[in-house]
Amino acid sequence: MKEIDEIQKVSQLYKVLSDPTRLRILLLLKQGELNVTAIAEQLSMEQSAVSHQLKLLRDSHVVRSRREGKTIYYTLDDHHVIDILNQTFEHIKHQ
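Computed from a predicted structure; not experimentally measured.

Scoring rules and cut-offs
- Residues numbered from 1 in each chain as written.
- Predicted model: local features only at pLDDT ≥ 70, side-chain atom pairs only at ≥ 80, totals over all residues.
- Heavy atoms only, no water.
- Helix = DSSP H or I, 4+ residues; strand = E, 2+ residues; numbered from the N terminus.
- 1 Å grid on protein atoms, 1.4 Å probe; cavity = no way out; pocket = protein on both sides within 12 Å on 5 of 7 lines; lining within 4 Å.
- Points joined across faces, edges and corners; volume = space filled by probe spheres on them.
- Pairing = 2+ DSSP bridges.
- Buried < 20%, exposed > 50% of the residue type's maximum accessible area, 1.4 Å probe, protein only.
- Polar contact = N/O pair within 3.5 Å; in protein donor to acceptor, adjacent residues only side chain to side chain.
- Contact = heavy atoms within 4.5 Å.

1. Some thoughts on the environment of Ser 60
Relative to the assigned elements, Ser 60 resides in the loop between helix H4 (47-59) and strand S2 (63-68). The spacing of Ser 60 and Thr 21 is 39 residues in sequence and 15 Å in space, taken between C-alpha atoms.

Written out as structure tokens, the structure reads:
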């Protein structure tokens, strides 16, 4: 049963990573911590759309947030997220 549960979690992670907008957000966060306004500006998107994507990423433990006053800052959850992104992009370059 544990293996089936892990397979389900891996599948869910790849579903979250499969969206181009979420990938663009992750690539921005790879450079460092940002708030929703900064992400929205860099992606030329509405803040509400970015917030929705960040919630999905946060719920999947891909990003984490911290509050400073009224501002919420987002960052990649841990180095594994960077490793997954780097390995995936390296794989694509070899095709």
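Having seen it, we continue.
2. Here we look at the layout of surface pockets
Looking at the largest pocket, its volume works out to about 290 Å³. Along the wall of the largest pocket there are 13 residues; nearest its centre are Lys 9, Leu 13, Ser 60, His 61 and Val 62. Every element with two or more residues in the lining of the largest pocket is listed here: helix H1 (2-17) and helix H5 (79-93). A per-element tally of the lining of the largest pocket places H1 first, with 4 residues.

3. Describing the sheet that holds strand S1 (residues 34-35)
Read from one edge to the other, the open sheet built from 3 strands follows the order S1-S3-S2, with strand pairing classed as antiparallel. The two strands at the open ends of the sheet, each matched to only one other strand, are S1 and S2. Looking at chain direction, S1 and strand S3 (residues 71-76) are connected through 2 bridges and run antiparallel. The partner of Leu 34 across the bridge, within S3, is Tyr 74.

4. Focus on the side chain of Gln 53
Position of Gln 53 among the secondary structure elements: in helix H4. Relative accessible area serves as the criterion here: at 13%, Gln 53 is assigned to the buried category. Looking at Gln 53, its side chain comes within polar contact range of the side chain of Arg 22, at 2.7 Å. Those residues in contact with Gln 53, other than ones at most four positions away along the chain, are Asp 19, Thr 21, Arg 22 and Ile 25.

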